[in-house]
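Residue-level structural notes
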Amino acid sequence: MKAIPAILLALLLIVSLVHGGSYSSQHRESIDAPPSWRFPLGTDDLGRDRFVRLLDATRISVLFAGAAAFAATLLASLAGGIAGYTGGWFDHMVVRTIDVLLSLPSLFLLLVTRALMPLNISPVLSLLVTYALMAAMGWLSPARVIRAGVRSFFDSEYVLQARAEGCSEARILVRHILPNLRPILLAQFWTSVPVFILTEASLGFLGLSAGEPFPTWGSLLHELQNPLMARPEAFAPIVAIALCVCCFKRITPWRVSQI
Amino acid sequence: MNPVLYARISADYPNRPGVLEDVEFAIGRGEILGLVGESGSGKSTIAMTLLRLIESKGGKARGELLFQDRNLLALPGRKMRRVRGREIGLVLQSPLSALNPSLRIGAQILEAWRAHRQGSPDLLQLLEMVNLPPEPGFLNRYPRQLSVGQAQRVLIAMAVIHRPALLIADEPTSALDVVTQAEILRLFSSLNRQMGTSILYISHDLLSVASFCHRIAILQQGRIVEANTTAEIFRNPQHPYTQALLAAIPKPPNCLETTTDCPSLAWSETINQAVDDGQYRAKDSLVCASRS
Amino acid sequence: MLWLGRVARQAASLAATVLIGGLLTTALVRNSPGFDADERQLDARLDDSTRALIQAGHAENHNVLRFYARHMRGLLHGDLGMSASLQTPIAGLIRSRYAVTAEIMAAGLAAGWILAFVLALAAVWNGACARITGVFSVAALSLPSAALAVLVFVLHGPVHSVIALVLFPRLFDYLRNLLQDAYAQPHILTARAKGLHPVRILVRHVLPGCDRQLLALAGVSASMAFGAAIPVETLGDLPGLGQLAWKAALARDLPLLVTLTMLITMLTQICNSVSDWWVRE
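Not measured: the values here are computed from a predicted model.

Some thoughts on the overall build of chain A
From N to C terminus, chain A includes ten helices and zero strands. For chain A, the succession of helices and strands along the chain, N to C, is α-α-α-α-α-α-α-α-α-α. Evaluated residue by residue, chain A yields a buried proportion of 50% over its 259 residues. Considering only residue pairs separated by 6 or more positions, chain A has 67% of its internal contacts joining residues 24 or more positions apart. Summing over all exposed atoms, chain A offers an accessible surface of approximately 12400 Å²; the carbon and sulfur share of this is 68%. The centroid of the 20 positive side-chain charges in chain A is displaced by 5 Å from the centroid of its 16 negative side-chain charges.

As structure tokens, this is what we get:
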């Protein structure tokens with residue numbers, strides 16, 4: 001019962017990897033078509049197959065959100081790890097900086113920066129920039145968590161014990177800190193992915209995600225900007241997003257308890 | 001004579017079914033019952049079940065819990081609340097964290113009173129009763145300004161403020177040093193004598209229990225394996241686990257077998273007190289028990 | 001005296017944060033690749049002199065530090081500057097629009113908090129409720145805020161309920177964990193053993209213990225509410241600050257963007273300072 005969303009998402013991902021359709025090909029003979037056997041979700045106002053676009057969007061969104069989450073976690077572990085390890089003024093500075101940045105309205109800034117992009121920017125670049133921006137703003141709170149973790153590990157009894165046994169700093173770092181940090185890092189990664197997926201969806205809804213013709217979950221939602229006019233099948237991306245985020249929410253506690 | 005409390009209870013937590021299985025015991029009026037068991041044997045669960053606080057932790061209790069001719073397990077939540085603190089008091093371990101860090105001592109004691117009664121009690125007299133300095137200044141302190149022993153006395157004062165018929169003490173001395181521990185035990189003893197309060201004293205330390213309990217029940221893995229008077233438990237332990245507990249009591253050094261008036265050792269005080277109370281004929285029985 | 005010193009330190013920290021935030025925004029906006037592009041320059045009706053004027057106007061804002069210093073000097077005199085795109089004083093724009101945003105934010109925040117708090121409390125008090133509310137919150141959390149907005153618009157619900165729905169799952173998750181931890185503390189057991197009324201335990205023993213986290217959460221939720229107000233006002237065509245921010249971003253209106261960012265940063269910081277203050281007291 002609990003595995004149903006995961007199975008559906010896996011199915012969606014597998015089909016998205018093997019299907020043969022193209023997200024940009026137009027079927028001019030059937031524009032704005034209702035759902036049929038040929039087009040399970042109908043076509044949009046340019047005659048593009050919604051189902052094919054959704055499949056490709058699934059691949060792109062999950063892949064890029066994962067990459068952005070990886071980048072954010074990497075940034076966070078560098079900043080938080082070094083700050084927690086060195087302590088002193090550097091630590092203080094990093095913490096203050098993160099505090100200041102966190103008090104800025106991040107979604108607002110994301111919208112602003114993304115909106116400032118020139119309109120004639122290439123689709124690939126706009127895709128990269130969108131996720132890069134999210135990663136650049138998404139490392140702040142993970143960095144705080146990681147820093148706190150590193151500090152508490154260094155203050156712990158077992159590190160004291162290791163020091164008393166005469167372990168070198170490098171050995172303490174590798175043998176005692178990193179293994180304990182692993183679940184924290186993984187948890188940050190697994191929680192960042194759904195956050196980025198949701199943020200991208202909100203951006204895309206406002207038309208600020210990847211440029212056409214690239215389909216992402218967010219940019220498919222752009223069709224809904226006038227919800228009262230939208231067809232019911234245009235809501236399919238929302239279902240896909242909910243499915244995916246729901247899976248990640250389930251995975252997170254499970255993954256962390258595994259380790 | 002009717003016992004104050006008769007219990008035949010089982011308890012389950014969602015992730016740990018069968019924490020207690022048909023635990024049966026009774027506490028007489030004015031009696032001190034010691035409940036001894038290793039950690040994880042369900043000692044604290046018994047305390048939680050008697051006050052039905054186990055429900056707030058997601059657990060469930062079954063069976064029969066007769067207190068003053070009522071089955072507590074069948075009482076509606078509202079009536080159960082009138083029992084807590086008024087008729088059954090609870091003293092927890094780790095006294096400093098059992099007090100609300102953001103409230104003054106006086107406010108917390110007063111709150112215990114106001115939970116069931118109007119007006120205000122004589123707080124200074126209450127402080128004196130539990131051997132705390134009877135000064136208004138003391139009531140203005142925060143928990144962090146107290147020593148562990150003082151905090152434990154405050155908890156005891158709150159638990160006995162309504163002169164409950166039964167006082168449950170859940171390892172009240174495990175966080176205390178030996179001297180303070182002895183003082184607290186003496187306090188329980190005197191409260192028992194002065195107010196006639198029955199006490200259920202839960203501990204993992206057989207010796208401290210033996211020093212002032214009338215009867216002892218031994219708990220192992222959610223079951224009571226043996227229950228008898230203190231003297232009988234020491235003289236004639238039946239269950240292998242009881243025998244193991246007795247054998248684990250540290251053996252006194254040779255010099256102390258002849259001179260028993262060394263006040264700094266808990267065990268010797270135990271013997272003295274037990275001898276004073278006439279529970280043992282001689283210290284030999286204890287020493288023999290520990291050797292067997 | 002000590003008290004005054006602390007207020008001064010808090011105020012200084014607040015001002016510094018807002019200044020840095022403003023400067024960062026200026027630098028960010030100024031250096032983003034699209035800043036120089038101005039749609040008006042593509043307007044065929046304008047002649048060269050007008051275009052040159054527009055260019056000159058941009059050049060004026062070219063040096064980040066100089067622009068920022070000028071803007072701050074104006075701010076010290078109570079002058080928030082002129083909006084570049086709307087050609088009106090920013091102070092007037094904010095004055096005429098803040099009420100709309102404040103209203104939907106306040107209503108949304110209140111509804112979101114009440115909903116989250118009541119359900120979190122129900123989840124902590126009752127095991128059966130925990131499962132139902134958990135499913136509800138995961139569902140709300142799994143939907144992008146835009147989808148929630150669409151849902152409300154389709155159902156013709158009140159606008160502020162979008163903000164409430166966006167805030168609810170995040171608040172609920174946090175509050176439930178917070179309350180769970182608070183109720184698990186030993187001194188709560190003492191309070192229960194005293195036979196206190198559950199409401200009294202909540203008000204007197206549980207909530208005072210987590211005042212700090214609650215206030216911090218209030219600050220964060222206000223910031224989140226503003227984030228949600230942008231798409232809501234844009235979609236609903238409401239003349240509030242969110243819509244203003246959206247228009248400013250589209251028009252690359254640097255003075256307006258910086259002022260709005262500083263305003264929001266200041267509000268968030270004030271919330272944080274108050275919570276800090278509370279803790280020390």
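Now that the structure has been shown, we can carry on.
Here's the deal with the packing of aromatic side chains
Summed over the entire model, instances satisfying the criterion amount to ten aromatic pairs over all chains. Ring plane angle 85° and centroid distance 4.9 Å describe the contact between Tyr201(B) and Phe212(B), whose orientation is recorded as edge-to-face. Taken as a pair, Tyr201(B) in strand β8 (residues 198-203) and Phe212(B) in helix α9 (residues 206-212) lie far apart in primary sequence, eleven residues in all. Ring plane angle 35° and centroid distance 5.2 Å describe the contact between Phe136(C) and Phe168(C), whose orientation is recorded as tilted.

Thoughts on the interface of chain B and chain C
Listed by partner, the interface residues are 26 residues for chain B and 15 residues for chain C. Taken together, the two surfaces of chain B and chain C that pack against each other cover about 1700 Å², and 60% of this comes from carbon and sulfur. Of all residues in chain B, Arg81(B), Asn100(B) and Glu111(B) give up the largest surface area on contact with chain C, accounting jointly for 31% of the area buried on that side. The tally of links between chain B and chain C comes to three salt bridges. Of the charged contacts, one joins Glu111(B) and Arg200(C) as a salt bridge, the two residues approaching to 3.2 Å between their closest N and O atoms. At the surface where chain B touches chain C, the tally comes to eleven residue pairs in polar contact (both at pLDDT 80 or more). Among the elements that take part in the side of chain B that touches chain C, helix α4 (residues 105-114) of chain B stands out by supplying four residues, more than any other. The residue inventory of the side of chain B that touches chain C, partitioned by class, reads 15 nonpolar, seven polar and four charged.

Considerations on the environment of Val166(C)
All names here are of chain C. Counting through the fold element by element, valine 166 comes out in helix α7 (residues 160-183). Sequence-wise, valine 166 and glycine 112 are 54 residues apart; in three dimensions their C-alpha atoms are separated by 8.0 Å. If we ignore the near neighbours within four places in the chain, the residues touching valine 166 are Ser145, Leu148 and Ala228.

A look at the sheet that holds strand β9 (residues 215-220) of chain B
Residue and element names in this part refer to chain B. Taken together, the six strands give an open sheet; going across it, the order is β6-β7-β8-β3-β9-β10, and neighbouring strands pair in mixed fashion. At either end of the open sheet lies a strand with only one pairing partner, and these are β6 (88-91) and β10 (223-229). On average, adjacent strands in this sheet sit at an angle of 15° to one another, irrespective of strand direction. As paired elements, strand β3 (residues 32-37) and β9 share five bridges and run parallel to each other.

Structural notes on the confidence of the model for chain A
All names here are of chain A. The predicted model of chain A has a mean per-residue pLDDT of 82, with 95% of residues at 70 or higher. At the low end of the mean pLDDT range in chain A sits helix α10 (residues 236-258), at 74; at the high end sits helix α2 (residues 50-86), at 90. Predicted confidence is poor over residues 255-259, with pLDDT under 50, and the contacts of this stretch with residues over four places away or in other chains come to seven contacts.

What about the interface of chain C and chain A?
Chain C puts 43 residues into the contact, and the matching count from chain A is 35 residues. Buried area between chain C and chain A, summed over both chains or domains, comes out near 3200 Å², and the portion from carbon and sulfur atoms is 81%. If you look at where chain C meets chain A, you find zero salt bridges. Here chain C is connected to chain A by zero residue pairs in polar contact (both at pLDDT 80 or more). Among the secondary structure elements, those contributing two or more residues to the side of chain C that touches chain A are α1 (2-31), α5 (127-142), α6 (145-154), α10 (211-236), α11 (241-251) and α12 (254-280) of chain C. With eight residues, the top contributor of residues to the side of chain C that touches chain A is α1(C). A class-by-class count of the residues in the side of chain C that touches chain A yields 25 nonpolar, 15 polar and three charged.

Let's talk about the pattern of salt bridges
Any two side chains of opposite charge can pair, on the condition that their charged atoms come close. All names here are of chain B. The final tally for this structure, using the stated rule, is 19 salt bridges over all chains. The shortest N-O distance in the salt bridge between aspartate 12 and arginine 62 comes to 2.9 Å. Note that aspartate 12 is positioned in strand β1 (residues 5-13) and arginine 62 in strand β4 (residues 60-67), a separation of 50 residues in sequence.

Analysis parameters
- Residues numbered from 1 in each chain as written.
- Chains lettered and ligands numbered in written order.
- Predicted model: local features only at pLDDT ≥ 70, side-chain atom pairs only at ≥ 80, totals over all residues.
- Heavy atoms only, no water.
- Helix = DSSP H or I, 4+ residues; strand = E, 2+ residues; numbered from the N terminus.
- Buried < 20%, exposed > 50% of the residue type's maximum accessible area, 1.4 Å probe, protein only.
- Contact = heavy atoms within 4.5 Å.
- Areas by Shrake-Rupley, 256 points an atom, 1.4 Å probe, with all protein chains shown as cover.
- Lys, Arg positive; Asp, Glu negative; His and termini not counted.
- Charge placed at Lys NZ, Arg CZ, Asp CG, Glu CD.
- Phe/Tyr/Trp six-rings, centres within 6.5 Å; stacked < 30°, edge-to-face > 60°.
- Buried area = accessible area lost by both parts, 1.4 Å probe.
- Salt bridge = Lys/Arg side-chain N within 4 Å of Asp/Glu carboxyl O.
- Polar contact = N/O pair within 3.5 Å; in protein donor to acceptor, adjacent residues only side chain to side chain.
- Nonpolar A, V, L, I, M, F, W, Y, C, P; charged D, E, K, R; others polar.
- Pairing = 2+ DSSP bridges.
- Axes fitted to C-alpha atoms, helices over the stretch in contact; angles between N-to-C directions.
- pLDDT = per-residue confidence, 0-100.

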